[in-house]
Amino acid sequence: MISKVIEPEQDTCTDIVESWRDISASTLGHLTCEGYLEGLRPVSDNIRLLGNVVTVKVFLPDGGILRDALLLSQPRDVLVIECVGDKKYACWGELRTLAARIKGLAGVIVGGTVTDVVALRKDGFPIFSEGISAVTTRPVEECRGNVNQPVRVAGIDILPGSLAIGDDDGVFILTPQRARDFLPLAKEKEKRDTERRLEMMAQLQTR
């Protein structure tokens, strides 16, 4: 396989991931549209995705580079996959999801299509994608791809080591610096919303 795999050397969000645990995507969306992956939707309902990004570039119809990405990734990482080529070739399905679970990943973001959706929905593993296809990747004579280099998904340039945060409302990617900048603002927004929610629920109970 011709592939380029790079261990990330730049700053990462490892130290603040857990600080984002209780912050929703829509809370961040009240503060910014920066890093929002427009057009990507969760495959399953009631999901939560949060972790450091490992980037993967797949040259369809081959998806062999994903094996390298899974080997390189660490527990609680999030794979972010840029699909180059004809996106009717789904690069992610049931077996790769099982492999991701064994590895302990926090989720997968696919800038392309997925398959085996009945199994994926039953499993409930956090996956975002642009769509669904019954046509899948397959081995080719000369494989290409790379891991932990910059990728582009939904018009957003994404670096390895960034923060991925997503739920049923959508998914964001923030650079480490932006994740740190937005964290106190997002926490304050969550606090205000919680207080307001309790006030409104109390008003409803008095009616």
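Everything in this summary refers to the structure shown in the same document. (Residues numbered from 1 in each chain as written. Predicted model: local features only at pLDDT ≥ 70, side-chain atom pairs only at ≥ 80, totals over all residues. Heavy atoms only, no water.)

## Focus on the overall build of the chain
The line we're drawing: Strands here mean DSSP runs of E at least two residues long; helices mean DSSP runs of H or I at least four residues long; both are numbered from the N terminus. Atoms counted for the radius of gyration: C-alpha only. Globule rule: 2.2 Å times residue count to the power 0.38. Only protein chains enter the area calculation, which uses a 1.4 Å probe; residues under 20% of their type maximum are buried, those over 50% are exposed, and those in between are partly exposed. Residue contacts are counted whenever heavy atoms from the two residues lie within 4.5 Å of one another. Each accessible area value is a Shrake-Rupley result obtained with a 1.4 Å probe; residue values ignore everything except the protein chains displayed when judging cover. Neither His nor the chain termini are counted; the positive set is Lys and Arg, and the negative set is Asp and Glu. To locate a charge, take NZ of a lysine, CZ of an arginine, CG of an aspartate or CD of a glutamate.
Within the chain one finds 5 helices and 11 strands. Its C-alpha radius of gyration of 18 Å places the chain within 12% of the 17 Å reference for a compact globule of 207 residues. The dimensions of the chain, computed from C-alpha atoms along their principal axes, are 70 × 40 × 30 Å. Counting all 207 residues of the chain, 49% fall into the buried class. For the chain, contacts bridging at least 24 residues in sequence account for 78% of all contacts bridging at least 6. Taken as a whole, the chain presents about 10600 Å² of accessible surface, with 51% of it coming from carbon and sulfur. Taken together, the 26 basic and 30 acidic charged side chains of the chain have centroids lying 2 Å from each other.

## Thoughts on the packing of helix α2 (residues 65–72) against helix α3 (residues 94–103)
Quick note on the threshold: To define axes, lines are fitted to C-alpha atoms, for helices over the stretch in contact only, and angles between the resulting N-to-C directions are given on a 0 to 180 degree scale. Roughly parallel here means an angle under 35 degrees, roughly antiparallel means over 145, roughly perpendicular means 65 to 115, and every remaining angle is called oblique. Each crossing is labelled by how the near helix is turned from the far one, with a counterclockwise turn of less than a right angle marking it left-handed and a clockwise turn marking it right-handed. All amino acids are sorted into three groups, where Ala, Val, Leu, Ile, Met, Phe, Trp, Tyr, Cys and Pro are nonpolar, Asp, Glu, Lys and Arg are charged, and the leftover types, Gly among them, are polar.
Close contact between α2 and α3 brings their axes to 10 Å; oriented N to C, the two are set at 15°. Between α2 and α3, the angle is such that the two are roughly parallel. Considering only the axes of α2 and α3, their crossing is right-handed. Touching Leu66, Leu70 and Leu71 of α2 are Arg96, Ala99, Ala100 and Lys103, all from α3. Of the residues that constitute the contact of α2 with α3, the class distribution is 5 nonpolar, no polar and 2 charged.

## Here we look at the packing of aromatic side chains
Threshold: What counts as a ring pair is set by centres within 6.5 Å for rings of Phe, Tyr and Trp (its six-membered ring), and what kind of pair is set by the plane angle: stacked under 30 degrees, edge-to-face over 60, tilted for all other angles. By definition, being over a ring means that NZ of Lys or CZ of Arg is both within 6 Å of the ring centre and within 35 degrees of the ring normal.
Counted under the stated rule, the structure contains 1 aromatic pair. Over the face of the ring belonging to phenylalanine 59 we find arginine 144, whose NZ or CZ atom lies 4.2 Å from the ring centre.

## What to know about the pattern of salt bridges
The following threshold applies: Salt bridge criterion: a side-chain nitrogen from Lys or Arg within 4 Å of a carboxyl oxygen from Asp or Glu.
Under the criterion given, the structure shown has 15 salt bridges. Here arginine 101 ties to aspartate 123 by a salt bridge, and the two come within 2.8 Å at their closest N and O atoms. Highlighted residues: arginine 101 in helix α3 and aspartate 123 in helix α4 (residues 117–123), separated in sequence by 22 residues. Look at aspartate 123 and you get partly exposed, because its relative accessible area is 28%. Notably, a salt bridge pairs arginine 152 with aspartate 157, separated by 2.8 Å at the nearest N-O pair. The partly exposed category is assigned to arginine 152, whose relative accessible area is 43%. With relative accessibility at 58%, the residue aspartate 157 sits in the exposed group. Via salt bridges that share partners, Glu18, Arg21 and Arg76 belong to a single interconnected network.

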